[in-house]
Structure formats: structure tokens, C-alpha cells
Amino acid sequence: MGRIFLDHIGGSRLFSCASCDTILTNRSELISTRFTGATGRAFLFNKVVNLNYSEVQDRVMLTGRHMVRDVSCKNCDAKLGWIYEFATEENQRYKEGRVILERALVTESDGIDEHMGDD
Amino acid sequence: MQQAANGCTQRNGVSEDHTGSSSEKNGTDLLPDTTALNGGPIGEFSAKIMDKTSQDIVRLIGQHLKTIGLDRTADLLMQESGCRLDHPAAAKFRQHVMDGDWAKAEHDLMELKTLLDSSSQSLVEMKFLLLEQKYLEYLEDGRVLDALHVLRNELTPLQHNTNRVHVLSSYMMCNGREELQLRANWDGKGEKSRTQLMDKLQTYLPPTIMLPPRRLYTLLCQAVEHQKHQCPYHNTLTEDGLSSVSLLVDHHCTREQFPCETVQILNDHCDEVWFCRFSPDGLKLATGSKDTTVVIWDVDPETLTCTHRKTLEGHSYGVAYIAWSPDSTHLIACGPEDCPELWIWNIEADELRVKVSHSPEDSLTSCSWHRDGKKFVTGGIRGQFYQCDLEGNVLDSWEGVRVNCLWCRKDGRTVLAADTHHRVRSYNFDELTDSNILQEDHPVMAFSVNSADRLALLNVATQGVHLWDLQDRCLVRKFQGVTQGHFTIHSCFGGVNQDFVASGSEDNKVYIWHIKRELPIATLIGHTRTVNCVSWNPVFHQMLASVSDDCTVRIWGPANKHRNQTKQTKISDTGQFYLLISSYCDNDLCQLLTSHEVFTSFDSLTTNLPCDNRSVTL
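About the criteria used
- Residues numbered from 1 in each chain as written.
- Chains lettered and ligands numbered in written order.
- Predicted model: local features only at pLDDT ≥ 70, side-chain atom pairs only at ≥ 80, totals over all residues.
- Heavy atoms only, no water.
- Helix = DSSP H or I, 4+ residues; strand = E, 2+ residues; numbered from the N terminus.
- Buried < 20%, exposed > 50% of the residue type's maximum accessible area, 1.4 Å probe, protein only.
- Contact = heavy atoms within 4.5 Å.
- Areas by Shrake-Rupley, 256 points an atom, 1.4 Å probe, with all protein chains shown as cover.
- Buried area = accessible area lost by both parts, 1.4 Å probe.
- Salt bridge = Lys/Arg side-chain N within 4 Å of Asp/Glu carboxyl O.
- Pairing = 2+ DSSP bridges.
- Axes fitted to C-alpha atoms, helices over the stretch in contact; angles between N-to-C directions.
- Parallel < 35°, antiparallel > 145°, perpendicular 65-115°, else oblique.
- Left-handed = near helix turned anticlockwise from the far one by under 90°.
- Nonpolar A, V, L, I, M, F, W, Y, C, P; charged D, E, K, R; others polar.
- UniProt positions renumbered as here; feature names shortened; annotations may be inferred.
- Phe/Tyr/Trp six-rings, centres within 6.5 Å; stacked < 30°, edge-to-face > 60°.
- 1 Å grid on protein atoms, 1.4 Å probe; cavity = no way out; pocket = protein on both sides within 12 Å on 5 of 7 lines; lining within 4 Å.
- Points joined across faces, edges and corners; volume = space filled by probe spheres on them.
- Core = buried A, V, L, I, M, F, W, Y, C linked by side-chain atoms within 4.5 Å.

Peer 1: Which parts of the structure should I look at to understand the overall build of chain B?
Peer 2: Each helix and strand in chain B was counted, giving eleven helices and 32 strands. Across the 618 residues of chain B, 50% fall into the buried class. Contacts in chain B between residues far apart in sequence, at least 24 positions, make up 49% of those at least 6 positions apart. Surface summary for chain B: the accessible area is close to 29100 Å², and the carbon and sulfur share equals 50%.

Peer 1: What's the story with the interface of chain A and chain B in this structure? I'm lost.
Peer 2: Size of an interface: often given as the accessible area lost when the parts come together. The interface is formed by twelve residues belonging to chain A together with twelve residues belonging to chain B. Taking both sides of the interface into account, the surface hidden between chain A and chain B amounts to around 890 Å²; carbon and sulfur atoms contribute 39%. Area buried by chain A at its contact with chain B is led by E85, F86 and R93 of chain A, which between them contribute 49% of it. Where chain A packs against chain B, one counts three salt bridges. Among the salt bridges present, the one from E96 of chain A reaches R402 of chain B, with a minimum N-O distance of 2.3 Å.

Peer 1: Teacher, can you tell me more about the environment of V444 of chain B here?
Peer 2: Residues and elements named next belong to chain B. In this fold, V444 is placed in strand β18 (residues 444-449). When the C-alpha positions of V444 and N459 are compared, they lie 6.0 Å apart, and in sequence the two are 15 residues distant. If sequence neighbours within four positions are ignored, V444 has contacts with N404, A418, H422, L458 and N459.

Peer 1: Mind showing me how you'd approach the sheet that holds strand β19 (residues 455-460) of chain B here?
Peer 2: The strands that make up a sheet are held in pairs by hydrogen bonds between backbone atoms, and each pair lies either parallel or antiparallel. All names here are of chain B. In spatial order, the strands read β18-β19-β20-β21; together these four strands make up an open sheet with antiparallel pairing. Among the strands making up the open sheet, the edge pair consists of β18 and β21 (474-479). For this sheet, the mean inter-axis angle between neighbouring strands, taken without regard to orientation, is 25 degrees. For strand β20 (residues 464-469) and β21, the ladder comprises five bridges, and the chain directions are antiparallel.

Peer 1: Is there a simple way to explain the packing of helix α1 (residues 52-68) of chain B against helix α2 (residues 71-81) of chain B in this structure?
Peer 2: When two helices pack together, their arrangement is given by the angle between the helix axes and by the axis-to-axis distance. All names here are of chain B. Relative to each other, α1 and α2 sit at 160 degrees, their axes nearing to 8 Å. Between α1 and α2, the interaxial angle falls into the category roughly antiparallel. Taken as a pair, α1 and α2 cross one another with a handedness that is left-handed. Together, V58, R59, I61, G62, L65 and K66 of α1 and D71, T73, A74, D75, L77, M78 and S81 of α2 make up the contact between the two elements. Looking at side-chain class alone, the contact of α1 with α2 contains six nonpolar, three polar and four charged residues.

Peer 1: What exactly am I supposed to notice about the packing of helix α6 (residues 144-158) of chain B against helix α7 (residues 162-170) of chain B here?
Peer 2: Residue and element names in this part refer to chain B. Direction vectors running N to C along α6 and α7 enclose 165 degrees, while the axes themselves pass 11 Å from each other. One element, α6, and the other, α7, form an angle in the roughly antiparallel class. For the pair α6 and α7, the crossing hand works out as right-handed. Contact residues: α6 offers L151, L155 and T156, while α7 offers V165, L168 and S169. For the contact of α6 with α7, a count of residues per class yields four nonpolar, two polar and no charged.

Peer 1: Would you explain the UniProt feature "repeat: WD" (unreviewed entry) in chain B in this entry?
Peer 2: Mapped onto this numbering, the UniProt entry gives "repeat: WD" (unreviewed entry) at residues 266-307, 312-343 and 524-556 of chain B. Its end C-alpha atoms 10 Å apart, residues 312-343 of chain B is made of 0% helix and 41% strand.

Peer 1: Before we go on, may I ask you to explain the packing of aromatic side chains in this structure?
Peer 2: The geometry of an aromatic ring pair comes down to the distance between the two centres and the angle between the two planes. Residue and element names in this part refer to chain B. In total, this model carries 16 aromatic pairs over all chains according to the counting rule given. Ring geometry for F258 and F500: centres 4.9 Å apart, planes at 70 degrees, overall edge-to-face. Of this pair, F258 sits in the loop between α10 (215-230) and β1 (261-266) while F500 sits in strand β23 (residues 500-503), placing them 242 residues apart in sequence. The pair F258 / F500 is uniform in exposure class, with both members buried. Considering the side-chain rings of W398 and Y427, the 4.9 Å spacing of their centres and the 75 degrees angle between planes classify their relative orientation as edge-to-face.

Peer 1: Any chance you could explain the layout of surface pockets here in plain terms?
Peer 2: Rolled over the atoms, a probe sized like a water molecule indicates the empty space that remains. By volume, the largest pocket is sized at about 1000 Å³. R277, P280, W407, V449 and Q498 of chain B are the residues nearest the centre of the largest pocket, which is lined by 46 residues in total. Elements that contribute at least two residues to the lining of the largest pocket include exactly β2 (273-278), β6 (321-324), β10 (366-369), β14 (403-408), β18, β19, β22 (491-494) and β26 (531-536) of chain B. Residue classes in the lining of the largest pocket are distributed as 25 nonpolar, 16 polar and five charged. Counted as a void, the second largest pocket has a volume near 830 Å³. Lining the second largest pocket are 30 residues, and of these Y53, I83 and G97 of chain A together with H421 and Q439 of chain B sit closest to its centre. Elements represented by at least two residues in the lining of the second largest pocket include exactly β5 (51-53) and β8 (79-87) of chain A together with β16 (423-428) and β17 (433-439) of chain B. Per-element tally for the lining of the second largest pocket: the top contributor is β17 of chain B, with five residues.

Peer 1: For this particular structure, what's the right way to read the nonpolar core?
Peer 2: Nonpolar side chains in soluble globular proteins tend to be buried together. Residues and elements named next belong to chain B. Within the largest apolar cluster, 61 residues are counted, with the highest numbers of intra-cluster contacts made by L285, L331, F447 and L458. Among the elements that line this core, the one with the most residues is strand β4 (residues 294-300), at five residues. Excluding its chain neighbours within four sequence positions, the residues that come into contact with L285 are C276, R277, F278, V295, I296, W297, V299, C306, W324, A545, V553 and I555. Residues A89, V97, M98 and L201 belong to the second largest nonpolar core, which totals 20 residues.

Peer 1: Just to check I follow, could you spell out the pairing of strand β3 (residues 284-289) of chain B for this structure?
Peer 2: Consecutive side chains along a regular strand alternate between the two faces of the sheet. All names here are of chain B. With six of six residues buried, β3 is to be regarded as a mostly interior element. Every second residue of β3 is oriented toward a common face, with K284, A286 and G288 on one face and L285, T287 and S289 on the other, all of them buried. Pairing analysis gives five bridges linking β2 to β3, with the strands arranged antiparallel. Residue pairing for β3: C276 is matched across the bridge by T287. Joining the antiparallel neighbours β2 and β3 is a turn of five residues, in which G282 adopts a positive phi near 75 degrees. With five bridges connecting them, β3 and β4 associate as antiparallel partners. Counted as the bridge partner of T287 is V295 from β4. Adjacent in sequence and paired antiparallel, β3 and β4 are bridged by four residues, among which T292 carries a positive phi angle near 70 degrees.

So, in C-alpha cells, the structure goes:
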């Protein structure tokens with residue numbers, strides 16, 4: 001089948017897939033913890049790697065109507081959350097392009113305290 | 001065009017496979033069956049020692065001489081050089097084919113068999129071709145029984161290409177030579193079809209046996225093509241073949257034949273000009289501005305200048321994007337962000353067709369016409385993405401895409417849209433499918449697609465101008481030089497074959513690149529503020545338009561002396577005085593010249609002047 005390429009986002013506190021421990025994102029990409037998914041608490045992240053994306057779906061949520069894609073782990077295909085592609089309400093637009101990961105489906109762990117050069 | 005097969009070849013111990021082998025002493029090493037030219041003493045010419053390349057060149061020259069009819073020179077050349085054009089067996093073969101002597105030709109094939117290094121398959125194929133010609137010629141002559149004999153007893157036993165044999169047998173039903181020629185796609189019995197046959201047969205023979213036809217001409221054509229490719233400013237349509245170029249000098253267009261100088265500065269707008277686009281027929285230019293107007297200009301094909309045709313008013317938000325219909329009769333004007341309206345103008349009738357206003361919360365900032373000119377797509381950053389008809393009725397709507405720029409592809413089904421996720425995706429409104437095409441790391445402000453529908457030119461915020469291949473979905477080139485960080489800048493393809501790319505820039509310059517090279521080949525200076533948009537005339541390739549925040553539209557063209565300036569001349573009765581009326585930069589200059597002056601200035605003119613012999617009243 002081939003060797004799946006897995007990116008590593010780095011950082012000092014890492015979030016990884018609960019099923020297979022593939023690194024997905026880190027604390028510095030976290031935007032908000034006040035979201036709710038199917039399994040309970042969920043976090044909004046800016047950049048998440050190693051994901052597979054589904055087709056766009058129209059979903060009505062507490063905050064309004066959104067177009068989202070479900071995301072799953074690239075390595076083991078476990079469901080993880082979703083990504084916002086489009087928000088119909090103006091005040092929800094900040095979510096577009098960002099990823100929700102459900103708390104129960106990811107594990108937090110320590111990374112290496114890397115010093116990233118200034119961009 | 002017959003090859004010399006009648007005793008002018010000399011077997012002189014030189015075969016073209018030996019490099020640097022000695023070819024002298026042919027006077028003593030002659031084989032008994034050779035005869036010298038004109039019956040003169042054998043060995044009068046001693047062949048020069050030549051390496052393989054020189055031998056090949058001599059053979060090519062000899063072939064060319066034969067082609068133009070200088071047979072004696074060709075023979076002399078072959079004698080003196082000790083080379084031969086074709087192997088004598090091959091020369092004999094050619095002669096027999098051209099004469100239509102099929103029996104002898106087949107016999108020659110047997111002789112040639114030993115010289116053919118490839119398998120027996122090529123022998124069968126060559127035989128097949130010969131018999132095919134023989135069959136067709138019999139049919140044309142009306143010798144049906146003979147043709148049938150060929151078909152049955154000669155072609156069929158070969159057991160080769162039986163499909164073709166079946167097709168050939170159907171030609172027996174043809175009524176007369178015209179029908180035969182039409183159905184068989186055949187030129188008829190004679191030199192032309194036999195030459196074609198010979199060309200086909202020649203491909204099976206190695207070049208040491210028989211030279212490929214017109215080889216020198218082919219090589220020179222390749223060299224000229226190469227020169228044209230290397231030429232950085234090449235912007236003219238030249239025909240294939242050698243008749244339009246000089247072989248004596250390398251082809252090289254200079255920068256001065258390329259649009260590089262300001263030909264016109266048009267001041268009709270009174271505020272920043274944001275967009276410009278030539279119509280697909282090249283005869284009109286539309287410019288859109290913050291001053292709420294679209295100005296339509298007529299292009300004069302001879303002087304490549306613009307004259308004001310009409311000002312279209314009423315675009316209260318300003319005009320940020322313009323798209324011409326494929327037949328150049330209509331155009332759509334879009335506003336910037338927040339503008340919910342679209343104006344569809346009928347340019348031929350110089351009137352507004354319809355103002356489209358679907359909902360006041362819409363933002364419609366980009367549009368693109370369907371190739372049939374009856375529908376178009378439009379969209380904007382608030383998430384509207386509509387397909388509409390010419391009256392502005394929304395036919396279809398795609399939800400959830402924030403559109404930066406749109407383009408309808410040539411297949412008439414897919415629409416490309418650049419969205420706020422830094423992607424360009426493809427949407428099919430009929431089947432409601434979509435797919436990713438490309439992903440950038442920064443926002444795609446605007447893009448256009450070349451006429452081959454293969455390459456896309458993107459203006460990427462803070463990154464410059466990127467060229468992507470839509471089929472292979474990969475980045476081909478990043479063009480360097482442009483400054484952009486703040487404003488929306490547009491770029492375009494242009495030139496003959498769309499070999500060039502041009503873009504505006506925030507440093508007030510227009511940049512032009514050759515599509516194959518990252519560094520600009522020309523930077524046009526003249527505007528005093530950011531150049532927002534450029535458009536290259538799709539028909540008159542020497543003409544480029546650019547618009548800027550300095551409120552002007554600039555038309556660029558080739559340097560002064562390469563421009564087609566003059567409009568009329570009048571010659572006086574005595575032929576002594578010439579009146580040249582030239583139109584240049586809106587000013588009409590009349591120059592009265594004596595004949596001497598005219599002749600000296602003739603070499604700077606690039607076209608023939610239409611002269612009418614009316615007398616001039618002075």
C-alpha cells in the first residue's frame with residue numbers, strides 16, 4: 001500500500017489521536033476550549049496536521065448553519081472532529097478554516113521544548 | 001527528382017560506416033562494373049579524406065542539389081568527394097518504384113534484404129506497400145482482373161494487415177477514378193503518389209542505404225525553430241518553413257519590436273482606474289474605475305491606438321472587475337466588496353441590458369462568461385456563488401464558497417473558483433460535483449487561464465505571480481520582480497501563442513516575463529502610482545494596456561520606428577514631392593518630403609505604403 005506520510009507539527013504540549021497516537025496539533029494552535037461535540041467537550045484549533053477530510057456537509061449547530069467537513073486520523077481513520085469551511089452568520093466567520101477536535105478522541109502529552117525561529 | 005542510378009556511383013572502398021577511413025586511391029581500386037562520368041579516364045578525381053560528419057554533409061548537399069535539379073553538379077560532387085548518395089541497390093530500387101516497374105522493384109527488395117538490419121517484418125511491410133500501390137494503380141487504369149490477381153495471389157498470401165486488405169478489396173466497387181481517389185484518400189497514379197510511397201518505404205531503410213528525403217531542409221527548419229524558441233522577445237506570427245526567415249543570420253527579435261514604449265496616455269477617468277480588459281476580438285478596450293464609470297475605447301488596428309467610444313455610468317461602488325462575452329458584444333461590470341449589483345451592458349447597442357441585483361446583502365466581485373455567451377457565473381466574499389442567465393436570473397447557486405475570483409473553463413461545464421481557503425477548486429453546476437485543483441499558502445487574489453485551458457496565472461497576496469498547470473495540478477513557475485502587499489493586482493497572458501505574461505505592481509511598473517523564464521524581460525516605466533491591472537490585446541499582439549491609481553490608462557507598443565505610423569501618402573504629378581500623413585499619439589503630423597527624403601526614411605517603415613497618384617495642391 002505504501003508508507004503514509006505523517007507530518008509532525010512540533011511544540012511543547014502535543015495533542016494526538018487517542019487510537020493510534022499520531023501527533024495532530026499542539027497547545028499553541030489552540031484557540032478555544034468552549035465547544036461541544038458528539039462526545040462532549042471539544043477544542044478549536046488553528047492548524048492541525050495528519051487529517052483526512054470528508055465531503056462538505058450542511059449542518060445546523062447551536063451557533064447557526066455551517067458547512068463542515070468531518071475529519072479523521074490519516075493513520076488509523078478514527079473520527080476526530082470536523083473543520084469549518086463556511087459559516088452563514090457573520091459573527092461565526094472566525095471559525096472558517098479551523099478544526100474542532102473532540103476532547104475524548106485525543107490525548108494530550110508532553111513534547112520537546114523546541115525553540116522555533118522567529119518568522 | 002530521380003536519384004542517379006545509372007552508373008554514376010562509384011564503389012570506391014569507402015563505406016560511410018568507417019570513420020576516417022582512407023578513401024584515396026579509388027582510381028586503382030575500382031570494381032569492374034563502374035563506369036566513370038562522361039566516359040573520361042577513371043581515377044581522374046581522387047577523393048579527399050573526410051571524416052564521417054563531412055561525408056554526411058556532402059551527401060546532404062548532394063541530395064539537395066539533385067532536388068533543385070543541379071544534377072551535373074551533384075554527380076561531380078559525389079565523384080570528387082568519393083561519397084555516394086544512396087547505395088546503388090537502393091538507388092535502383094527508387095528508380096523502379098518511381099517508374100512503376102513493380103516486378104523489378106520487388107526483385108530489388110530481395111537484394112536489399114541483406115542490407116536491412118531489422119527483422120523480416122519490415123521486408124513484408126515494404127512488400128505490402130508496393131503491392132498496395134500496384135493494386136490501386138491497376139484499379140485506376142481499369143485493369144480489374146490484374147488488380148484482382150494482385151489482391152488474391154500477392155497481397156493475401158503475405159498474411160499481413162488483413163484489415164487493410166479487406167478495405168482494399170472494397171475499392172473494387174468504386175465507379176471510376178474520382179471515387180477511387182476519394183475513398184482511398186489517394187492522389188492517383190503518378191509521380192506524386194509514387195513519391196509518397198517512396199517516402200514511406202525509405203523509413204525502413206537505414207540512412208547509409210538511402211537518405212531520408214529532403215534531409216537538409218528538415219535540419220534547417222529545426223535550426224530555425226530552435227532560434228525562434230531562444231528568442232526572448234519573439235512576438236510575431238511567422239509561418240513554418242524557411243521562406244519567411246533568412247538563413248544567413250540568427251533569428252533574433254529585438255526589444256524594440258516588443259511593446260515597450262508608451263504609445264498613448266488616456267486621461268478620461270477622474271479617479272483610480274482599477275481594471276482593464278480587451279475584448280476577445282481585440283477591437284475594444286474596457287476600463288473600470290473608482291469614479292463609477294466604465295469607459296469603452298475603440299482600437300484602431302492600423303495604428304494600435306485607442307479612441308474614446310462611450311462612457312458607461314452609474315456604477316455607484318466603482319468598477320473592480322470586467323468580463324467580456326466571448327463574442328465581444330456584451331460585458332459585465334462588477335463592483336468591489338459590498339457591491340451587491342452587477343451591470344450587464346450591450347456594447348454593440350451602447351446600452352444597459354440589465355442591472356442584476358439579487359439581494360442587498362450580496363457581494364458580487366467577480367464574474368466569468370460561459371463559452372456560449374448565454375450564461376455566466378458570479379460570486380463574492382460573502383459566500384454568493386451564482387450561475388445566471390443573460391437577464392440576470394439566478395439559475396443555480398452553490399452554497400458555502402467565499403469566492404475571490406472565477407473562471408469558466410473551455411469544456412463548458414466546469415467553473416474554477418479561488419476561495420478564501422487559499423485554494424482554487426473546480427465546480428460542475430450540472431452534476432453538482434467539485435474537486436480540488438490547487439492549494440496555495442497565501443490568498444489567491446485573482447487568476448486567469450490561458451486560451452489552451454491548461455495554465456493558470458495567479459496573483460497571490462504578498463507572493464507575486466504564480467503559474468500553475470491545471471492538468472497536472474502543480475506549480476510551474478514563480479515570476480519574480482513584482483511588488484505586492486496591499487492592493488489587488490491583476491496579471492494576464494499575452495503575445496502570439498500566449499508566450500508572455502504581464503502584471504501590474506505596487507512599484508508603479510508593468511512587468512513582462514517570457515512564460516519560460518522567471519526574471520522579467522521588460523519593465524515598463526511610466527505610471528506614477530500602483531499599476532492595478534494589465535491587459536494584452538488578444539488579436540493585435542503588439543498592444544498592451546495598463547491602468548493605475550494615477551487615474552490614467554496607458555497603451556504600450558513597439559518602439560517608434562517599428563510602429564505602423566503612416567496612414568496615407570499622396571504623390572505629386574512630377575513624382576518629386578511626397579506628402580506623408582502620419583498619425584502618432586493623437587497628433588496628426590503632416591510631413592512634406594522630397595523624394596530623396598522619402599527614400600531614406602523608407603527603410604524604417606515596415607509596411608508597404610498605399611500610394612495613390614493624385615496630384616498634391618501645394
